[in-house]
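Reading the structure
Residue-level listing of the chains:
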Amino acid sequence: MSISLSSLILCPIWISMAQIQQGGPDEKEKTTALKDLLSRIDLDELMKKDEPPLDFPDTLEGFEYAFNEKGQLRHIKTGEPFVFNYREDLHRWNQKRYEALGEIITKYVYELLEKDCNLKKISIPVDASESEPKSFIFMSEDALTNPQKLMVLIHGSGVVRAGQWARRLIINEDLDSGTQIPFIKRAMDEGYGVIVLNPNENYIEVEKPKIHVQSSSDSSDEPAEKRERKDKVSKETKKRRDFYEKYRNPQREKEMMQLYIRENGSPEEHAIYVWDHFIAQSAAENVFFVAHSYGGLAFVELMIQREADVKSKVTAVALTDSVHNVWHQEAGKTIREWMRENCCNWVSSSEPLDTSVESMLPDCPRVSAGTDRHELTSWKSFPSIFKFFAEASEAKSSSLKPALARRSHRIKHEEL
């Protein structure tokens, strides 16, 4: 049985406290001192000393994993699913390993969007300079030119990026349930143009520059001997501090700073930017949105900011376990009425798929996604969403025909 360094350090302190507590009132001072010592010990930092280096592979092959023909992530040698607890009692290290694999998965999905789905990667802001931070979205070749239909996909919050619904599903279940690829392929088969948003790519991270503070000993007013003595003390102090820091935090990660992407610094900003520069400029007569979780909130915010434009261009919106709130977001009455007619929210529920679910909010109808797992709601409602869009498109066409006939009849009557 392995004993961690943190246990070896803390054990004598706990024993001392137990012995002191058995003594009389005179020992209270010692107890207080020991408690103060314990409060100063950073257990997270102590745990880091037991960790192996945070040095992970940067490819799936390096992790010895690959996706099989069913889109499931499996170990190359054993055929087993991904194991999170690769090293027992090292939760932080296991989490870092999982995150490193997640970054590889993100790049892998990007490749699938371009190679398997034939989407184009479009850099934003569209007028970005060479040096400023940039993000990107994905679009089909006909996204802006398709005169009939355009489908827009928005994922939720967190670590997911363009093309994903849930990283957990991609790693533990399969690519179909965890990515937007089935939606993209079916949409393109049915004649839709496609735009895939990337609402969580809001900034880039760069290493924080080290600030060198000029020593006060540089003052020319001081004698040279005094300056030399101060420099020597300063160097010794720095040496001790560096040694202590190395001992205290051997796995210290680089200090990073965030540089936000212009006009795309949040999911809401991103949705508005893509609307203004791409969706609003598209030729499609009918635009359809699929928005999961926080993506639903981003859509409602888009509607609040661009109400007239959205109403004139969007035919239907499929939300999957959306976290929007028309009261908190202060959506007006006309928006709520439009959502009741043109939106549907497939929510996590143990009821069968498409069963009506009661809502406390006066916005759009809520129906069961056929699963009580939040991250699975998009995949489970997949067939119902396409049926909903087809019916909405047909209803719009049929409602336009009588209106056109009435207009034609009115013109003839006025001519007479």
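Overview of the structure. (Residues numbered from 1 in each chain as written. Predicted model: local features only at pLDDT ≥ 70, side-chain atom pairs only at ≥ 80, totals over all residues. Heavy atoms only, no water.)

Once that is clear, we can look at the side chain of His-292. Relative to the helices and strands, His-292 is located in strand S9 (residues 286-292). Assessed through its relative accessible area of 2%, His-292 is described here as buried. Non-local contacts of His-292, meaning those with residues more than four positions away in its chain, are made with Ile-154, His-155, Gly-156, Trp-165, Thr-320, His-374, Glu-375, Thr-377 and Ser-378. (Helix = DSSP H or I, 4+ residues; strand = E, 2+ residues; numbered from the N terminus. Buried < 20%, exposed > 50% of the residue type's maximum accessible area, 1.4 Å probe, protein only. Contact = heavy atoms within 4.5 Å.)

If you look at the biggest cluster of nonpolar residues, it comprises 50 residues, and the most contacted ones within it are Leu-153 and Phe-389. If one sorts the elements of this core by residue count, helix H5 (residues 91-115) sits on top with ten residues. Among residues more than four places away in sequence, those in contact with Phe-389 are Met-151, Tyr-192, Phe-288, Phe-289, Val-290, Ala-316, Val-317 and Ala-318. Judged by nonpolar contacts, the second largest core, of 37 residues, contains Ala-143, Val-152, Tyr-273 and Val-287. (Core = buried A, V, L, I, M, F, W, Y, C linked by side-chain atoms within 4.5 Å.)

Here the focus is the sheet that holds strand S4 (residues 135-139). In spatial order, the strands read S3-S4-S6-S5-S9-S10-S11-S13-S12; together these nine strands make up an open sheet with mixed pairing. Bordering the open sheet on either side are strand S3 (120-124) and strand S12 (356-357), each of which pairs with just one other strand. Relative to strand S6 (residues 192-196), strand S5 (residues 149-154) is paired through five bridges, and the arrangement is parallel. Looking across to S6, one finds that Val-152 is bridged to Ile-195. (Pairing = 2+ DSSP bridges.)

To continue, consider the packing of aromatic side chains. Scanning all chains against the criterion turns up 21 aromatic pairs. Ring geometry for Phe-67 and Tyr-108: centres 4.9 Å apart, planes at 20°, overall stacked. Linking Phe-67 in strand S1 (residues 65-67) with Tyr-108 in helix H5, this pair joins segments that are 41 residues apart in sequence. Look at Phe-67 and you get buried, because its relative accessible area is 15%. According to the relative accessible area criterion, Tyr-108 is partly exposed, its value standing at 25%. Between Phe-183 and Phe-386 the ring centres are 6.0 Å apart and the planes differ by 35°, which places this aromatic pair in the tilted class. Residue Phe-183 is located in helix H8 (residues 181-189), and its partner Phe-386 is located in helix H15 (residues 382-415); the two are separated by 203 residues in the primary sequence. Neither residue differs from the other here; Phe-183 and Phe-386 are each classed as buried. The ring of Phe-136 is capped by Lys-121, whose NZ or CZ atom sits 4.2 Å from the centre of that ring. Residue placement shows Lys-149 over the ring face of Tyr-192; its charged tip is 4.1 Å from the ring centre. (Phe/Tyr/Trp six-rings, centres within 6.5 Å; stacked < 30°, edge-to-face > 60°. Lys NZ or Arg CZ within 6 Å of the ring centre and 35° of its normal.)

This part takes up the pattern of salt bridges. Enumeration according to the criterion identifies 14 salt bridges in this entry. In this structure, the salt-bridge partner of Arg-161 is Glu-201, at a minimum N-O distance of 2.7 Å. Pair noted here: Arg-161 is in the loop between S5 and helix H6 (167-172) and Glu-201 is in the loop between S6 and strand S7 (203-207), with a separation of 40 residues, a long-range link. Salt-bridge contacts for Arg-168 lead to Glu-375; the nearest nitrogen and oxygen are separated by 3.4 Å. A residue pair is termed long-range when its members are at least 10 positions apart, and Arg-168 in helix H6 and Glu-375 in the loop between strand S13 (366-368) and helix H14 (377-380) qualify at 207 residues. (Salt bridge = Lys/Arg side-chain N within 4 Å of Asp/Glu carboxyl O.)

Trans is the common state for peptide bonds, and a negative phi is the common state for residues other than glycine. Residue Pro-125 is bonded to the preceding Ile-124 through a cis peptide linkage, with omega at 0°. Among the structural elements, Pro-125 can be located in the loop between S3 and S4. Phi at Asn-118 takes a positive value of approximately 60°, unusual for a residue other than glycine. When you line up the elements, Asn-118 lands in the loop between H5 and S3. Given the relative accessible area of 52%, Asn-118 is considered exposed. Positive phi, normally seen in glycine, also occurs at Glu-330, with a value near 60°. On the secondary structure map, Glu-330 appears in the loop between strand S10 (314-320) and helix H13 (333-342).

In a packed pair of helices, the relevant descriptors are the angle between the two axes and the axis-to-axis distance. Relative orientation of the contacting elements helix H10 (residues 267-279) and helix H11 (residues 294-305) amounts to 55°, with a least axis distance of 9 Å. Regarding the angle of H10 to H11, the classification is oblique. As for how H10 packs across H11, the hand of that crossing is right-handed. Residues Pro-267, Glu-268, Ala-271, Ile-272 and Trp-275 of H10 form the contact with H11, whose own contacting residues are Tyr-294, Leu-297, Ala-298, Glu-301, Leu-302 and Gln-305. Classifying every residue of the contact of H10 with H11 by side-chain character gives eight nonpolar, one polar and two charged. (Axes fitted to C-alpha atoms, helices over the stretch in contact; angles between N-to-C directions. Parallel < 35°, antiparallel > 145°, perpendicular 65-115°, else oblique. Left-handed = near helix turned anticlockwise from the far one by under 90°. Nonpolar A, V, L, I, M, F, W, Y, C, P; charged D, E, K, R; others polar.)

Before going further, it helps to spend a moment on the side chain of Thr-179. Along the chain, Thr-179 falls in the loop between helix H7 (175-178) and H8. In this structure the side chain of Thr-179 is engaged in a polar contact, spanning 3.3 Å, whose partner is the backbone nitrogen of Ile-181. Apart from residues no more than four positions distant in its own chain, Thr-179 is found in contact with Val-109, Gly-163, Gln-164, Trp-165 and Ile-170. (Polar contact = N/O pair within 3.5 Å; in protein donor to acceptor, adjacent residues only side chain to side chain.)

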